[in-house]
2 protein chains.
Amino acid sequence: MSATERRLPFYLGIDLGGTNVKSGVVDDEGRSLSSVSIETHAARGPEAGVATLAEAGRLAVEASGLSWDDIAAVGLGTPGTMDIAGGMLLEPPNLPGWNNFPVRDRLAALLKKPTVLQNDANAAAYGEFWVGAGKGVSSLVLFTLGTGVGGGIVEQGKIIEGRHSHGAEVGHMIIQMENGRQCGCGGYGHLEAYASATALVKRAVEALERADEETALRRHLAAGTLTARSINEESLAGDPLASRLMRETAHYLAVGAVCLMHLIDPDIILFGGGMSSAGPEFIGLIREGVRRMAFPLPAAKTIIDYATLGGDAGYIGAAGCARMAFGERSTG
Amino acid sequence: MSATERRLPFYLGIDLGGTNVKSGVVDDEGRSLSSVSIETHAARGPEAGVATLAEAGRLAVEASGLSWDDIAAVGLGTPGTMDIAGGMLLEPPNLPGWNNFPVRDRLAALLKKPTVLQNDANAAAYGEFWVGAGKGVSSLVLFTLGTGVGGGIVEQGKIIEGRHSHGAEVGHMIIQMENGRQCGCGGYGHLEAYASATALVKRAVEALERADEETALRRHLAAGTLTARSINEESLAGDPLASRLMRETAHYLAVGAVCLMHLIDPDIILFGGGMSSAGPEFIGLIREGVRRMAFPLPAAKTIIDYATLGGDAGYIGAAGCARMAFGERSTG
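Every value quoted in this text rests on a predicted model; they were computed, and no experiment measured them. (Residues numbered from 1 in each chain as written. Chains lettered and ligands numbered in written order. Predicted model: local features only at pLDDT ≥ 70, side-chain atom pairs only at ≥ 80, totals over all residues. Heavy atoms only, no water.)

(A) Region of interest: the overall build of chain A. Check the secondary structure of chain A and you find 11 helices and 12 strands. The globule rule puts the C-alpha radius of gyration for 332 residues at 20 Å, and the 20 Å found for chain A is close to it. Counting the 332 residues in chain A, one finds 58% classified as buried. The contacts in chain A between residues at least 6 apart in sequence include a share of 62% that link residues at least 24 apart. (Helix = DSSP H or I, 4+ residues; strand = E, 2+ residues; numbered from the N terminus. Rg over C-alpha atoms; globule rule 2.2 N^0.38 Å. Buried < 20%, exposed > 50% of the residue type's maximum accessible area, 1.4 Å probe, protein only. Contact = heavy atoms within 4.5 Å.)

Spelled out as structure tokens, the structure:
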């Protein structure tokens, strides 16, 4: 990208994950100028961690060819639980030892820039809203499919953060109140307990234990390669059990999507994360479920699709949050 | 109220129900100056109907002691389905023959005032948010319990209307995706199919058919007095089956509340409509369910209570919507 195409001001986005920190510089129109990824080393604790966040940010600015003075503000996305407005991590399950850590202000002190904190899935939703698959819409719901099911809701251009920073915990809506599966969080009947990659593998193992049917998944189980990815691949190859499991997963996600359509009624519902590479058949099954179960108008009109920014959604969205919090919208 | 206590400007709210039209004049701080109710005569169709709406509005202004010139704008709440932004009724189930009727502009032409349309349950939620049980909060969810289960969501002071005017159809979230009860709308496993007054009576009849247990509800069934109200009264009097049915109803509503807490995470969740007169025990049971099932932080902090405006919430909220749409916030 040539310098003339870049639109001032510039924002730095940092996406803190349990394994990696991803960071990049984004211009005022959401175009990424750089992207770097370094290891989190979460076990070293929050003091070392905040230095790692700053290091990732510095590398991203360096890679962008800009100087620090060009950066207007910083957005940081982290996994929950947190106090978004207070800039605090509370008890993040994937960051042991980072409890009650004022990560926003500590990072701001290191980087000497106005800094905003956001939930990582909310940030990803905002990234998709700003420049991804939701560009141009006014409201959006993102489901992120991975080990768990996370998500974010953008309504009339604003993230629904929630009073206790628990907005858009879409994996933890109750879709089966009687005899529901237990969720990783301890609750019962949550969407995540049915539709996460973890839940998909668990349901596959249960099905293999129950029946003697001929299926390639039995070989994967023995070889230790039974994953959401291999189940999807065997489904595409025509394996009956794998196909049934993927159809069920799509149905569960359609139930979750219908609930959001009847509560938020957004322009668009996106599916991101690992399972978003499952291909056109899987999203087609989700669409079919939605058309069958939702009210006629949203069933016909709500766009159901995959997210498009992949692993960049988090830092781009975090940079977008910095722009929302500190940017002068009239410039650029 | 003395004239000096009234705060300019004034708004007219009109709440169109299948049976009655309720209307009142509200000042800039949400205080009601008058309230009138006349029959809808929905079967006479939309042309007669819009004249009835105008008549109710005129009676309300007359009763307020103000003149028409004092009214800044009009807010109209109606049952769905509708196009809120377009001011159209689409296919309202309780207003047969009113399909595709531009009710907002027709009413505005009769009353010669700027007029805004809102879903009636959204308007009621806004009324509770503005001057009712939610006064002073920044986000609120209202469940209205009656023949069906309706509701409204106010987030950061704004109603979530939805892209297709289907926001906050809280009765139609799916809480039981497998073997769910059929809802009045045709869907399966919806909250309304479990927790509405209609569903409560249906569950009572089923329980009476199933078992021979001694219960006062059998007498009510024979006498034609088996209603949500009588079931609640017998529950309070210690009848075991009635108590079980009310406990179950509270549990279903708690499931719905938990879903909203994990999606919107509002300051407060309110229960209005007929069943909101069930008393302190019932809301206590809902609170217990919420504490058991929600994430710790919202479980401890989210306020769960009854709505307080009763049947006035609709017209007060509709007037509040007129104020939002046309008012000069800095005045008053």
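(B) Structural context of the interface of chain A and chain B. Across the contact, 41 residues belong to chain A and 42 residues belong to chain B. Note on chain A versus chain B: buried area summed over both sides is about 3700 Å², and carbon and sulfur give 65% of it. Looking at the side of chain A facing chain B, the largest losses of area belong to His164, Met177 and Leu263 of chain A, adding up to 21% of the total buried there. Our count for the contact surface shared by chain A and chain B stands at 2 salt bridges. Linking Asp267 of chain A and Arg163 of chain B is a salt bridge whose minimum nitrogen-to-oxygen distance equals 2.6 Å. Inspection of the region where chain A meets chain B yields 22 residue pairs in polar contact (both at pLDDT 80 or more). Listing elements by their share of the side of chain A that touches chain B, those giving two or more residues are strand E9 (149-155), helix H8 (240-263) and helix H10 (296-301) of chain A. (Buried area = accessible area lost by both parts, 1.4 Å probe. Salt bridge = Lys/Arg side-chain N within 4 Å of Asp/Glu carboxyl O. Polar contact = N/O pair within 3.5 Å; in protein donor to acceptor, adjacent residues only side chain to side chain.)

(C) Broad picture of the sheet that holds strand E12 (residues 303-306) of chain B. All names here are of chain B. In spatial order, the strands read E10-E9-E8-E11-E12; together these 5 strands make up an open sheet with mixed pairing. Edge positions in the open sheet fall to strand E10 (158-159) and E12, since each of these has one partner strand only. Bridge analysis of strand E8 (residues 139-145) against strand E11 (residues 268-273) gives 6 bridges, and the strand direction is parallel. Among the inter-strand pairings, Thr144 is bridged to a residue of E11, identified as Gly272. Packing of helix H3 (residues 120-131) onto the sheet brings it into contact with E8, strand E9 (149-155), E10 and E11, and relative to E9 it is tilted by some 50°. (Pairing = 2+ DSSP bridges. Axes fitted to C-alpha atoms, helices over the stretch in contact; angles between N-to-C directions.)

(D) Up close: the packing of aromatic side chains. Residue and element names in this part refer to chain B. Evaluation of the coordinates by the stated rule reveals 10 aromatic pairs over all chains. Aromatic pair Phe143 and Phe271: ring centres 5.1 Å apart, planes at 15°, arrangement stacked. Note that Phe143 is positioned in strand E8 and Phe271 in strand E11, a separation of 128 residues in sequence. Each member of the pair, Phe143 together with Phe271, is buried. (Phe/Tyr/Trp six-rings, centres within 6.5 Å; stacked < 30°, edge-to-face > 60°.)

(E) Spatial organisation of the relation of the copies chain A and chain B. For the pair chain A and chain B, the superposition axis carries a translation of 0.0 Å, the fit reaches an RMSD of 0.0 Å, and the rotation angle comes to 180°. In the structure described here, the two chain copies are related by an operation that fits a two-fold rotation axis. Take the interface residues of chain A: 100% of them recur as interface residues in chain B, which is what a same-surface contact looks like. (Least-squares fit on C-alpha atoms with pLDDT ≥ 70 in both.)

(F) Quick look at the pairing of strand E7 (residues 115-119) of chain B. Residue and element names in this part refer to chain B. Where burial is concerned, most of E7 is hidden: 5 out of the 5 residues are buried. Neither face of E7 is left uncovered, since the one carrying Thr115, Leu117 and Asn119 and the one carrying Val116 and Gln118 both have all their residues buried. In this sheet, E7 lies alongside strand E4 (residues 71-78) in parallel orientation, the contact comprising 5 bridges. Paired with Thr78 across the bridge in E7 is Asn119.

(G) Summary view of the domain arrangement of chain A. Residue and element names in this part refer to chain A. On domain assignment, one finds that chain A holds domain 1 (3-127 + 312-326) and domain 2 (136-307). For domain 1 and domain 2, the distance between their C-alpha centroids amounts to 28 Å. Residue-level contacts link 11 residues of domain 1 with 14 residues of domain 2. Between domain 1 and domain 2, roughly 950 Å² of surface is buried when both sides are summed, and carbon and sulfur atoms account for 61% of that area. Considering only the surface of domain 1 that becomes buried against domain 2, Ile84, Asn122 and Ala125 emerge as the three largest contributors, covering 45% of it. Here domain 1 and domain 2 share 3 residue pairs in polar contact (both at pLDDT 80 or more) between them. (Domains from an automatic or database assignment.)

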